[in-house]
Amino acid sequence: MNIWDQTHECMLRDELEQLQLERLQAIINRVHKNVTHYRKKFNELGIIPEDICSLSDLTKLPLTTKDDLNLNYPYGMFAVPLREVVRIHSSSGTTSKPIVMGYTKNDIKIWSNLVARFMTAAGVTHDDVVQIAFRYGLFTGAFGVHYGAETIGASVIPMGTGNTEKQIMIMQDYKTTVLVSTPSYAIALADRIEQLGVDHKSLSLKFGLFGGEPWSEKMRKEIESRLLLSATDNYGLSEVIGPGVAGECSCKKGLHIYEDAFIPEIIDPETGAVLPSGSAGELVLTTLTKEAFPMIRYRTGDITSLDYAQCECGRTLARMKKITRRSDDMLIIRGVNVFPSQIEDALFSVAQGETPYQLVVERKGAMDSLELIIEVTDKIFSLELQKQRSFLEMIKKRIGSVTGINVDVKLVESKSISRQKGKIARVVDKRQI
Ligand code: DLL
């Protein structure tokens, strides 16, 4: 099936806005009735669903943050009873507890269609063989793309991450035409292909659909020339649905946001005020079709700007600029979201108190690495060498279990981490993307 949804993607703006308003009113009614958090927030502001008479009334509603989701862990933000939920995913919160997302049967269908739409826009058809090199599991990436590719009718290889040589063998033997992964993994694959001396004629790659982390035009050129494919960007976040919020078409001039399913706004991250059209600021998204886990004015933390001009492809949907930075301190390490606060909590709980530390992020070759440097304190110094080693091992393990990533932990001499006005920068991100 070719999912080129012209009805929704090429709508006149006033028709689209009418559709958005109808869907917005329905969702506001539903969250007011079914989600205590929203009802309480609306009551505090003296808002009832009937106050939402136009799209501009959206700004009357409160913004929703990751902290709100953390406070309602695990199922507090669900708008349907658990028996109607057919899938549960989760993603990092700012604390040791993750955020939990639920999907009804209909949510899965809508999500699959949204993914099928960006895959179609990028050029994928039912004739393609799609190799999905995202982590299968609680992460929304792999399952989201998987169901979307099946909706198109493509042949899906649920490869998962890692095992780069096997990925390459499968690519050659199963004649993969579409690679789906993080952009940094695509570069790691290109490195390995070159190291192994693989003949490009043995590969059938045509398209690369990359997302889950920021990447630049420079990286796009590098991936396209080294893997001999057309690379497009796609964007999404678990709290809002997963992949399928926005994606580039083959013009590669911004990511089309599926505005029949999401209302985008750009706010000033400091004040929360909505910024004029075209300004750069934090992207805020409201879901219009989700049943189990609707989000009203969710602060994504991603900095971008929107362009409402019609694209050369004919789509009238707003396009967002590639995301290169965030308004908060969330790090994305090999596609995994990590908050420094999660690492600090893990460190301080093992150390049983505050300990001077610094996180250093680097891109070594294609892959990100995260190092935790801890200054020796009297308490740590007094430990025998063996105990020091197991202390570091415990920290590494605790961080691994909370964040899902591997951290190198190193002890350094007291006061050896540089300070500015007596303060240590908690995170030093040396990556140049
Ligand atoms: O990363 C969903 C996804 C998976 C999107 C696969 C695309 C492909 P989370 O793990 O919740 O969900 O991480 C969401 O990742 O707020 C951005 O900061 C970042 N991000 C996702 N896609 C892009 C992209 C998935 N194309 C967070 N460019 C988001 C830049 C991206 N950043």
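Residues numbered from 1 in each chain as written. Predicted model: local features only at pLDDT ≥ 70, side-chain atom pairs only at ≥ 80, totals over all residues. Heavy atoms only, no water.

**A closer look at the pattern of salt bridges**
- Counted by the stated rule, this structure contains 28 salt bridges.
- We note a salt bridge from Asp 5 to Arg 117, for which the minimum N-O separation is 3.6 Å. Residue Asp 5 is located in the segment before α1 (6-9), and its partner Arg 117 is located in helix α5 (residues 105-122); the two are separated by 112 residues in the primary sequence.
- Here Arg 117 falls in the buried class, since its relative accessible area comes to 4%.
- Where Arg 226 meets Glu 194, a salt bridge forms, and the shortest distance between an N and an O atom there is 3.0 Å. With Arg 226 in helix α9 (residues 217-227) and Glu 194 in helix α8 (residues 183-195), this pair connects stretches of sequence that are 32 residues apart.
- Here the salt bridges share partners, and the residues they tie into one network are Asp 5, Glu 9, Arg 117, Asp 260 and Arg 315. (Salt bridge = Lys/Arg side-chain N within 4 Å of Asp/Glu carboxyl O. Helix = DSSP H or I, 4+ residues; strand = E, 2+ residues; numbered from the N terminus. Buried < 20%, exposed > 50% of the residue type's maximum accessible area, 1.4 Å probe, protein only.)

**Notes on the pairing of strand β7 (residues 230-237)**
- Counted residue by residue, β7 has six buried out of eight residues, so it is predominantly covered.
- Here five bridges tie strand β6 (residues 207-211) to β7, and the two strands are oriented parallel to one another. In the strand pairing of β7, Phe 210 is matched with Asp 233.
- For the crossover that starts at β6, traverses α9 and ends in the parallel β7, the hand is right-handed.
- In terms of strand pairing, β7 meets strand β8 (residues 242-248) through four bridges, oriented antiparallel. (Pairing = 2+ DSSP bridges. Right-handed = clockwise from strand over helix to strand, strands pointing away.)

**Topic: the site of the ligand**
- As a structural note, the neighbourhood of the ligand is formed by 23 residues, with Asp 233, Asn 234, Ser 238, Asp 302 and Asn 337 the closest of them.
- The contact in question runs from a nitrogen atom of the ligand to an N or O atom on the backbone of Gly 212, over 3.0 Å.
- Within the side chain of Ser 238, a nitrogen or oxygen atom sits 2.5 Å from an oxygen atom of the ligand.
- Calculation on the ligand without its partners gives an accessible area of 610 Å², and the protein chains cover 98% of this total.
- Going through the elements one at a time, α6 (140-152) and β7 are the ones with two or more residues in the shell around the ligand. (Near = heavy atom within 4 Å. Polar contact = N/O pair within 3.5 Å; in protein donor to acceptor, adjacent residues only side chain to side chain. Areas by Shrake-Rupley, 256 points an atom, 1.4 Å probe, with all protein chains shown as cover.)

**A short note on the environment of Ile 332**
- Residue placement: Ile 332 occurs in strand β16 (residues 331-333).
- Along the primary structure Ile 332 and Gly 212 are separated by 120 residues, whereas in three dimensions their C-alpha atoms are 8.4 Å apart.

**Some points on the domain arrangement of the protein**
- Taken domain by domain, the protein comprises domain 1 (82-328) and domain 2 (333-429).
- Computed from C-alpha coordinates alone, the two centres of domain 1 and domain 2 are separated by 31 Å.
- Taken residue by residue, the interface counts 17 residues in domain 1 and twelve residues in domain 2.
- Taken together, the links from domain 1 to domain 2 amount to four residue pairs in polar contact (both at pLDDT 80 or more).
- Among the elements that take part in the side of domain 1 that touches domain 2, α8 stands out by supplying five residues, more than any other.
- In terms of residue class, the side of domain 1 that touches domain 2 is built from five nonpolar, eight polar and four charged. (Domains from an automatic or database assignment. Contact = heavy atoms within 4.5 Å. Nonpolar A, V, L, I, M, F, W, Y, C, P; charged D, E, K, R; others polar.)

**So, the packing of aromatic side chains**
- Tallying each qualifying case throughout the model produces eight aromatic pairs.
- With a centroid separation of 5.8 Å and an interplanar angle of 75°, the aromatic rings of Phe 134 and Phe 139 are classed as edge-to-face. Here Phe 134 and Phe 139 have matching classes, each one buried.
- With 6.0 Å between their ring centres and 80° between their planes, Phe 348 and Tyr 357 make a pair best called edge-to-face.
- You can call Phe 348 buried: its relative accessible area is 17%.
- Ring-pair connections join several aromatic residues into one group, and the members of that group are Tyr 75, Phe 78 and Phe 293. (Phe/Tyr/Trp six-rings, centres within 6.5 Å; stacked < 30°, edge-to-face > 60°.)

**Structural notes on the nonpolar core**
- The biggest cluster of nonpolar side chains holds 70 residues, and the ones touching the most others in it are Met 119, Val 130, Val 180, Leu 209, Tyr 235, Phe 262 and Met 320.
- Broken down by element, the residue count for this core peaks at eight residues, all from α5.
- When residues no more than four places from it in sequence are discounted, the contact partners of Val 180 are Met 119, Val 130, Gln 131, Ile 132, Ala 133, Phe 134, Val 145 and Leu 209.
- One finds Ile 333, Ala 346, Phe 348 and Ala 351 within the second-largest nonpolar core, a separate group that totals 24 residues. (Core = buried A, V, L, I, M, F, W, Y, C linked by side-chain atoms within 4.5 Å.)

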